[in-house]
Amino acid sequence: KKFIQCHIRDITERKRTEKRLKESEERYRRAFETARDGQFLIDKEEGRIVNTNPAIQKLLGYSNQELMGKTLQHFGMLKDKKNIKKTIKELERVGFIHDEVRIKNKEGNTIDAEMYLIDKAEVIQCNIRDITERKLVEDALDKSKDQLSNAVKIAHLGPWEYDAVNDLFTFTDSFYAIFRTTAEQVGGYTMSSAEYAKRFVHPDDAAVVGEEIRKAIETEDQEFSRQLEHRIIYSNGDVGYITMRFFIVKDENGRTVRTYGVNQDITEHKLAEKVLRNSERKYSDLFEFLPLAVYEITPDGKLISANRAAYELSGYSREDIEKGMNIAELLLPEDWQRALAHIPKLMAGKRLGDNEFTIVKKDGGTFPALIYSNAVKRDGKAIGIRGAIVDISERKESLGKLRQALGATIAALAFVAGTRDPYTAGHQRRVADLATAIAAEMNISAERIDGIHVAASIHDIGKISVPGEILSKPSMLSKSEFDLIKVHSQAGYNILKGIEFPWPIARMVLEHHERMDGSGYPQELKGDDILLESRIISVADVVEAMASHRPYRPTRGIDAALEEITKNRGILYDAAAVDACLKLHNEKGYSFA
């Protein structure tokens, strides 16, 4: 008879193991693909890249296909093949290597990075973390160490490793420097977790630190990392603060065999935060009780905060602001449009003039105010506007009275000139009107136009020093008589130079007979040496004089006057002032009243 022999072997456990292995591999694959740190997988035999994750592709600017087969020395991480073989042997011996390297990306730019080499049996896992920004900060801190010696201390970094299997920490000199001690004083570079906690961890924080380490060891997350802040004990017994950031390394069975990390002393940072909080509290008190009305707004005008003086000035309350009030409610519509145009310029860091607005109070009342504003910056970026409101009601009232007094003074001076020569009174008035119109056509500021009008209204005040018979002589003047009349510019300057005007009135009066080519009097000034206001008055003076009747000659007419300034445009008379005058008469129908 023939038989079939059947062997049965129980492979249930193997199948379970395969399933767990497959699940573990799937977890590792997901962790590898989604890791924030760049990762290579490197073949041990050739030292060439066999796989990469998206993070390293993004960091270096290569696709996965472009990276495949390359070696670490291609990126400047290792100089030659001997180095990679030597590194592999060392890695097989210790299982983990950490180093800081400089990597070149696809464009040839250099990136500072932390490199972690982990022995993964058939392959090497190379983790790359971009620390370029940190390096830049460290370099900047090093350069400014001398300047910062009496301020916040530079935070030192101290790397460490922990062998979870043997419960053994391994430290570095920089780690011990954080605790203000050395390996020699402590007794070496290694110690157990219990000894570490006893020597360096604040007793009240020891339980928290121990719990975090336990979580790190027991976690199944391949990419586990944690950042923990706790108190420490310096070697001299003082209390400090550190930030501890650490990671884990698992073996092929998913067991945590090693953790590694970096400690950073943040004690000075903590002290600085305390000082900053105190400073902010002081600023808050100053802000609140400052007698000047102060506010802060967002770029779209929403009020963020205001102080007590602002509430008292406007009649609004803190509750009004907390409800989302906009500063537009404090301004007239036309002023709000002007403010909207100012805000982008302020956010760009520009300083602006023309800051007078009308404030509308909660009860509907209004008052004039000056608003001084500047950008509020955080980390160098403008995030809003801070301003101060100054009520200028009393100042405006005083200024109005002052202007009335000034107007009366000007009128009196003009009257004095007119009493000597009736022609002078009308001439000055008409020159003032034309000069003002020319200045407005040239888009000169309102403030400067006011000064031009005042100066032109009394530009011939010096004629009170000229004998009356010469001023009213019905025939042509002799050279000596004309020389006497020419003195009136200097005489007018002498009369006015001691009066404090808000404009250079005396100088305008002195220069109104100067000419662009230097042929004028009394100083024979040329071009830009003559004040612009003086050049405008001189054009108006010539046009009015030629267009008007004089005792010694009949009028030459406006056409002759305009022909004179056209012919000598840019020679005797300012070109821009001539153009504005011609436009007024030829296009806008200007005529003397």
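Residues numbered from 1 in each chain as written. Predicted model: local features only at pLDDT ≥ 70, side-chain atom pairs only at ≥ 80, totals over all residues. Heavy atoms only, no water.

A.B. asks: Before we move on, can you summarise the overall build of the chain with the specific residues and values?
C.D. replies: Within the chain one finds 23 helices and 16 strands. For the chain, the residues scored as buried account for 42% of the 593 residues in total. Sequence separation of at least 24 residues holds for 50% of the intrachain contacts in the chain that already meet a minimum separation of 6. Carbon together with sulfur atoms contributes 51% to the accessible area of the chain, which is approximately 33,700 Å² in total. (Helix = DSSP H or I, 4+ residues; strand = E, 2+ residues; numbered from the N terminus. Buried < 20%, exposed > 50% of the residue type's maximum accessible area, 1.4 Å probe, protein only. Contact = heavy atoms within 4.5 Å. Areas by Shrake-Rupley, 256 points an atom, 1.4 Å probe, with all protein chains shown as cover.)

A.B. asks: Tell me about the packing of aromatic side chains, and please be specific about residues and values.
C.D. replies: With the rule as written, the count across this model stands at 23 aromatic pairs. Summarising the aromatic geometry, the rings of phenylalanine 171 and tyrosine 176 are spaced 5.7 Å apart at their centres and angled 75° between planes, so their arrangement reads as edge-to-face. Note on accessibility: phenylalanine 171 and tyrosine 176 belong to one class, buried. Ring centres of tyrosine 590 and phenylalanine 592 lie 6.0 Å apart, and the angle between their planes is 80°; on these two criteria the pair is classed as edge-to-face. Judged by relative accessible area, which is 22%, phenylalanine 592 ranks as partly exposed. Taken together, the aromatic side chains of Trp160, Tyr162, Phe169, Phe171, Phe175, Tyr176, Phe179, Tyr189, Tyr196, Phe200 and Phe246 make up a single cluster linked through ring pairs. In this arrangement the basic side chain of arginine 180 is found over the ring face of tyrosine 234, its NZ or CZ atom lying 3.6 Å from the centre. (Phe/Tyr/Trp six-rings, centres within 6.5 Å; stacked < 30°, edge-to-face > 60°. Lys NZ or Arg CZ within 6 Å of the ring centre and 35° of its normal.)

A.B. asks: Lay out the nonpolar core with the relevant residues and their values.
C.D. replies: In this structure, Ile438, Ile505, Val539 and Ile565 are the most contacted members of the largest nonpolar core, which totals 42 residues. Beyond its immediate sequence surroundings of up to four residues, isoleucine 505 is in contact with Gly451, Val454, Ala455, Ile458 and Leu496. Phe175, Tyr176, Ile232 and Ile248 belong to the second largest nonpolar core, which has 26 residues in total. (Core = buried A, V, L, I, M, F, W, Y, C linked by side-chain atoms within 4.5 Å.)

A.B. asks: Lay out the sheet that holds strand β12 (residues 293-297) in plain terms, naming residues and giving numbers.
C.D. replies: Within the open sheet, the five strands sit side by side as β13-β12-β16-β15-β14. Their pairing is antiparallel. Two strands lie at the open edges of the sheet, namely β13 (303-306) and β14 (356-360), each paired on one side alone. On average, each strand axis in the sheet is tilted by 35° relative to the strand beside it, whichever way the strands run. Inspection of the sheet shows β12 paired to strand β16 (residues 381-391) by five bridges, in the antiparallel sense. Across the sheet, the residue bridging to glutamate 296 is arginine 386, located in β16. (Pairing = 2+ DSSP bridges. Axes fitted to C-alpha atoms, helices over the stretch in contact; angles between N-to-C directions.)

A.B. asks: Can you break down helix α13 (residues 333-347) residue by residue, with the values?
C.D. replies: Compared with the 21 Å implied by 1.5 Å per residue over 15 residues, the 22 Å span of α13 between its first and last C-alpha is a close match. All of the buried residues along α13 are Asp335, Trp336, Ala339, His342, Ile343 and Leu346. Just past α13, the residue glycine 349 takes up positive phi, approximately 95°. (Expected span 1.5 Å × (residues − 1).)

A.B. asks: An account of helix α23 (residues 575-586) is requested, with residue identities and associated values reported.
C.D. replies: Taking 1.5 Å of rise per residue, twelve residues should cover 16 Å, and α23 covers 16 Å from first to last C-alpha, within 8% of that figure. If you check which residues of α23 are buried, you get Ala577, Val578, Ala580, Cys581, Leu582, Leu584 and His585. Of the residues flanking the start of α23, the one acting as N-cap is aspartate 574, its side-chain oxygen 3.1 Å from the backbone nitrogen of alanine 576. (Polar contact = N/O pair within 3.5 Å; in protein donor to acceptor, adjacent residues only side chain to side chain.)

A.B. asks: Mind laying out the pattern of salt bridges, listing which residues take part and the relevant values?
C.D. replies: Oppositely charged side chains can form a pair if their charged atoms are brought close together. For the coordinates displayed, the defined rule picks out 29 salt bridges. With a shortest N-O distance of 2.9 Å, aspartate 112 and arginine 102 are connected by a salt bridge. With a gap of ten residues between them, aspartate 112 in strand β4 (residues 110-120) and arginine 102 in strand β3 (residues 96-104) connect regions that are remote in the sequence. Residues aspartate 574 and arginine 535 are paired through a salt bridge, measuring 2.7 Å at the closest nitrogen-oxygen approach. Here arginine 535 lies in helix α21 (residues 532-547) and aspartate 574 lies in the loop between α22 (558-567) and α23, a separation of 39 residues in the sequence. Each of Glu100, Glu114, Arg134 and Lys135 takes part in one network of salt bridges that share partners. (Salt bridge = Lys/Arg side-chain N within 4 Å of Asp/Glu carboxyl O.)

A.B. asks: Tell me about empty space enclosed by the protein, and name the residues and values.
C.D. replies: Scanning the entire structure with this criterion turns up two cavities of 30 Å³ or more. Here the largest cavity is characterised by a volume of approximately 120 Å³. If you trace the largest cavity, you find 15 residues lining it, with Ala306, Ala310, Tyr311, Ser314 and Leu330 closest to the centre. Going through the elements one at a time, β12, β13 and α11 (308-314) are the ones with two or more residues in the lining of the largest cavity. In terms of residue count, the dominant contributor to the lining of the largest cavity is α11 (four residues). Of the residues belonging to the lining of the largest cavity, the class tally is 14 nonpolar, one polar and no charged. (1 Å grid on protein atoms, 1.4 Å probe; cavity = no way out; pocket = protein on both sides within 12 Å on 5 of 7 lines; lining within 4 Å. Points joined across faces, edges and corners; volume = space filled by probe spheres on them. Nonpolar A, V, L, I, M, F, W, Y, C, P; charged D, E, K, R; others polar.)

A.B. asks: Summarise the packing of α21 against α22; cite the residues concerned and give the values.
C.D. replies: Axis separation between α21 and α22 bottoms out at 7 Å; the angle between their running directions is 145°. Viewed along their axes, α21 and α22 form a crossing whose handedness is right-handed. Packed against α21, whose contacting residues are Val539, Val542, Val543, Met546 and Ala547, the element α22 presents Ile558, Ala560, Ala561, Glu564 and Ile565 at the interface. In the contact of α21 with α22, the residues fall into nine nonpolar, no polar and one charged. (Left-handed = near helix turned anticlockwise from the far one by under 90°.)

A.B. asks: How would you explain the environment of glycine 527 if you had to name every residue and give the values?
C.D. replies: Mapped onto the fold, glycine 527 is located in the loop between α20 (505-511) and α21. Distance from glycine 527 to glycine 570, taken between C-alpha atoms, is 9.0 Å for residues 43 residues apart in sequence. Among residues more than four places away in sequence, those in contact with glycine 527 are Met516 and Arg535.

A.B. asks: Describe the sheet that holds strand β1 (residues 38-43), naming the residues involved and giving the relevant values.
C.D. replies: To summarise the sheet geometry, strands pair through backbone hydrogen bonds and adopt either a parallel or an antiparallel arrangement. Strands sit in the order β2-β1-β5-β4-β3 across an open sheet of five strands; the sheet is antiparallel. Both outer strands of the open sheet, β2 (49-52) and β3, are each paired with one neighbouring strand and no more. The sheet shows a mean angle of 30° between the axes of neighbouring strands, direction not considered. Two strands pair when backbone bridges link them, and β3 and β4 are joined in this way by nine bridges, in the antiparallel orientation. Its bridge partner being in β4, isoleucine 97 is matched across the sheet by leucine 117.

A.B. asks: Explain the packing of α22 against α23 to me, and be specific about the residues and the numbers.
C.D. replies: Where α22 contacts α23, the axes come no closer than 10 Å and their chain directions differ by 150°. One element, α22, and the other, α23, form an angle in the roughly antiparallel class. Crossing angle aside, the handedness with which α22 passes α23 is left-handed. Residues Ile558, Leu562, Ile565 and Thr566 of α22 form the contact with α23, whose participating residues are Val578, Cys581, Leu582, His585 and Asn586. In terms of residue class, the contact of α22 with α23 is made up of six nonpolar, three polar and no charged. (Parallel < 35°, antiparallel > 145°, perpendicular 65-115°, else oblique.)

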